[in-house]
Every structure is written in C-alpha cells, then in structure tokens.
Amino acid sequence: MATVLITGATSGLGRYVAFELARSGHRVLAHGRDPGRTERLVAELRAEGAAEGAVADLSCLAEVRELGARVAEAFPALDVLVNNAGVGSGPRGAGRELSADGHELRLAVNYLAPVVLTRALLPVLRANTPARIVNVGSAGQEPLDFDDPEFARGYEGFSAYCRSKFALAAWTFALAEELAGTGVAVNVLHPATFMDTAMVREGGVTPWNSVADGAPGVLALATRDMGSGGYFDGTTEARAHEAAYDPQVRKRLAAVTEQLLGM
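Residues numbered from 1 in each chain as written. Predicted model: local features only at pLDDT ≥ 70, side-chain atom pairs only at ≥ 80, totals over all residues. Heavy atoms only, no water.

Scanning the chain from terminus to terminus reveals 8 helices and 8 strands. A compact globule built from 263 residues would reach a C-alpha radius of gyration of about 18 Å, and the chain, at 17 Å, matches this within 12%. If one aligns the C-alpha atoms of the chain with their principal axes, the spans along those axes are about 50 × 40 × 35 Å. Across the 263 residues that make up the chain, the buried fraction comes to 54%. At a minimum sequence separation of 6, the contacts of the chain that also span at least 24 residues come to 70%. Put simply, the chain shows about 11,100 Å² of open surface, and 50% of that area lies on carbon and sulfur atoms. Looking at the chain, you have 24 positive and 31 negative side-chain charges, and the mean spots of the two groups are 1 Å apart. (Helix = DSSP H or I, 4+ residues; strand = E, 2+ residues; numbered from the N terminus. Rg over C-alpha atoms; globule rule 2.2 N^0.38 Å. Buried < 20%, exposed > 50% of the residue type's maximum accessible area, 1.4 Å probe, protein only. Contact = heavy atoms within 4.5 Å. Areas by Shrake-Rupley, 256 points an atom, 1.4 Å probe, with all protein chains shown as cover. Lys, Arg positive; Asp, Glu negative; His and termini not counted. Charge placed at Lys NZ, Arg CZ, Asp CG, Glu CD.)

In structure tokens form, the structure reads like this:
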C-alpha cells in the first residue's frame, strides 16, 4: 500500500480522495492550510485508516519548502504525491491578488507551489520507486504571456487560473522527460468540469459535477501504472493545450520559473 501526500485535503476533491485512499488501506498524509480543520480531518480519516496531518500555507513558498523538508524527514516511505490544492478564478470582476511572496496568487498556488514541493520531495520519491506524482490541472488552459508572467497588465481572474493550469501541464510534460527511466511517473489531469466545490461556487458558476465524479481520475493516477507524461480527462488519456507540448514554450517556462523562484 502507498504512502500518499495530498495537498488541499480539507475540502472538495482533496477531502473526498483522502477518504477513498484511507478506506483502501493507503497511508494518507493530509495537507491543509488551517490547523484546526486539518486536525479534525485527520481524526475523521483515522476512523477509516492510517492518516497524518501536515499544515502549510502554499501561497508562501518558504512554508512550501518547509513542508517538503518536514514530509521528507517524517515519511521516508512516501511514494505518491498528489498536488491537488488550488485557488480558483475568484469572484467575477475581482482584482488581482498577490501571494505572501508578492507573486500573482493563482500562479503562486496552482503552479509555483507544486513545482517547489515536488522538487523538495523528489529525492524521497526516487528512493521509493515505482513512485507517482499526480498534478490536478484543468481543461481550462491558456498559454502564459512570458513578457508578463505575473499578469500585471489587463488582469482577469479566470484567465489567470487558466494560465496557471497551462503552466502546470507544460511543466508536467517537461518533468516526465527529466524523470524518464527513474521509476517516478508524473501525470496531469482534468478531474471533472465545474465540480461542486467552494472554488467553483465562488466563481459564480453552477456546479455541473460532484467531487465524486472527479475522484476516479485522481485515484487511478495515484494508485495504478498509467504511464508518465500524460494528460488525462478523468481516467481517459487526452490532449492538453497544444502549446504545452512545444519545446520552446517549455524552455521559456523553465527560465521564467527559475526567475520567479529566485534560483
């Protein structure tokens, strides 16, 4: 059975997936931003199986790095990482928001945080092969403007969300190439469209699907060999935005990412 870290586990899709994994006999490491909610979730999960909690604000990259270091030390058997936490488009017409580090918030949480956390945990994952990284993306993808990656000009919330999910997909494909032959698989998926979550309702959208509809894709990629470097719509292999496969786009994304992370 796997040891799985799932970010954003205190609500929505993450919470549902955490319970499904615990019931199936996997050891769940549930991440949340709020200590109280995380503690309550872990208590509920323990009624179903093995669970631990981890608290961090993913909009602060220092906390993301600290989370990675803590998990690597406390859970040397970690073999699955599910980067599920995310920030939606926000209420319609809402202005641009910044993370604790001054990055555009959606890019920070939906893209930079998974990059930093994954890098921090790669040594552990590589030591526990076959290991899996599951990036929860979206069918909503829009190429980044590399001249304005932080979306300082003409900001729009839904567009910012789609840009962050495009970056996540393109980075997933590049990482899969980097990890080829290591026994660590990495895939990205669109779980389901407009699931009944706080994120979707905040955006003023009437939900089309339940979180139960989005869970099978995440669970399949977390627990089964589904190859590496794929984009999935639920459990079905699909195509991401064509630009995400462009080597030049990935090269520019890598350079911008290094710059944003101050490496």
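After that view, the rundown keeps rolling.
When a protein is soluble and globular, its nonpolar side chains tend to lie buried together. Grouped together as the largest cluster of nonpolar side chains are 50 residues, with contacts concentrated most on L5, V71, Y111, L121, L125, I133 and L253. Looking at this core, the elements with two or more residues in it are α3 (61-74), α4 (105-127), β5 (131-136), α5 (157-178), β6 (184-190) and α8 (247-260). With near-sequence residues (within four places) excluded, V71 lies in contact with L5, L29, L78 and L121. Counting residues in each nonpolar core, the second largest holds 28 residues, with V4, V42, A51 and V211 among its members. (Core = buried A, V, L, I, M, F, W, Y, C linked by side-chain atoms within 4.5 Å.)

The strand order across the open sheet built from 8 strands is β3-β2-β1-β4-β5-β6-β7-β8, with neighbouring strands paired in mixed fashion. A strand with exactly one partner marks an edge of an open sheet, and here the two such strands are β3 (51-55) and β8 (236-238). Taking the axes of each pair of neighbouring strands and ignoring which way they run, one obtains an average angle of 25° across the sheet. Direction of pairing for strand β7 (residues 231-233) relative to β8: antiparallel, over a ladder of 3 bridges. (Pairing = 2+ DSSP bridges. Axes fitted to C-alpha atoms, helices over the stretch in contact; angles between N-to-C directions.)

It is worth stressing that arrangement in space is one thing and function is another; only the former is reported here.
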